[in-house]
Amino acid sequence: MAKGDILALHLVLLIVMMSEAPPEGIKHVVPIKQVEKPIKITEQAKVELQSSGIMDEKGKLKLKGVSPKMLKRMKLEAVDCPVLNSEIGFMQCYVCKNFFSRPTGKVYCKGDPI
Ligand code: SF4
């Protein structure tokens, strides 16, 4: 393999590694999994969802730019929360103060005590 090819390969590997690395301050990269039934949202999370306008008074979820079909799918997503040590529905995770972002198939979690 030519020296130029090796350098190009190293550059590609570096770009892949950088794009995979979580942002600074992220303690956990938590995989999002599918569940058969939606996980019950706690009362505290309901209050947070309502105050952020994601849930109406009747408990119906509405997220700007997200189709009802996608919302339905999100209700069947969950994470094994490393902070609470329990299975949490994705919508509850989404309004958690530790939620940073959701790259494909995972949650970047700040990991602070809650
Ligand atoms: S963002 Fe909150 S609910 Fe989600 S994994 Fe982190 S601590 Fe758990």
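For the structure itself, consult the block above.
For every chain, the first residue of its written sequence is number 1, and the numbers climb from 1 along that sequence. Residue-level local features of this predicted model are given only where pLDDT is at least 70; pairs of side-chain atoms are given and counted only at 80 or more, and the full residue set underlies all totals for whole chains, interfaces and linings.

A. Quick look at the nonpolar core. Core analysis: the largest hydrophobic core is formed by 14 residues, its most contacted members being Val79, Ile88, Phe90, Cys93 and Val107. Every helix listed is a DSSP run of H or I at least four residues long, and every strand listed is a run of E at least two residues long, numbered separately from the N terminus. Of all the secondary structure elements, the ones that give two or more residues to this core are strand 2 (77-81), helix 4 (90-94) and strand 5 (106-109). In terms of residues, this core owes the most to one element, helix 4, which gives 4 residues. Remark: residues whose backbone-derived C-beta atoms lie within 7 Å of one another are considered to be in contact. When sequence neighbours within four positions are dropped, the list of residues in contact with Ile88 reads Ile39, Ala78, Val79, Cys81 and Cys93. Connectivity within a nonpolar core runs through C-beta atoms within 7 Å, and the core itself is a set of buried Ala, Val, Leu, Ile, Met, Phe, Trp, Tyr and Cys residues. Whether a residue is buried, exposed or partly exposed follows from its count of other C-beta atoms within 10 Å of its own C-beta, namely 20 or more, 12 or fewer, or something in between, respectively; the C-beta atoms are built from the backbone.

B. Spatial organisation of the environment of Pro38. Mapped onto the elements, Pro38 comes out in the loop between strand 1 (28-34) and helix 2 (43-51). Exposure remark for Pro38: the 15 C-beta atoms within 10 Å place this residue in the partly exposed category. Once you skip the residues sitting within four places of it in the chain, Pro38 turns out to touch Lys75, Leu76 and Gly89.

C. Highlighting the site of the ligand. Throughout this description, a residue near a molecule or strand is one whose C-beta atom, derived from the backbone, lies within 6 Å of it. Around the ligand sit 13 residues in total, of which Cys81, Val83, Cys93, Cys96 and Cys109 are the nearest. For the shell around the ligand, the secondary-structure elements that each account for two or more residues are strand 2 and strand 5. Residues are sorted three ways: Asp, Glu, Lys and Arg are charged, Ala, Val, Leu, Ile, Met, Phe, Trp, Tyr, Cys and Pro are nonpolar, and all the rest, Gly among them, are polar. By residue class, the composition of the shell around the ligand is 12 nonpolar, 1 polar and no charged.

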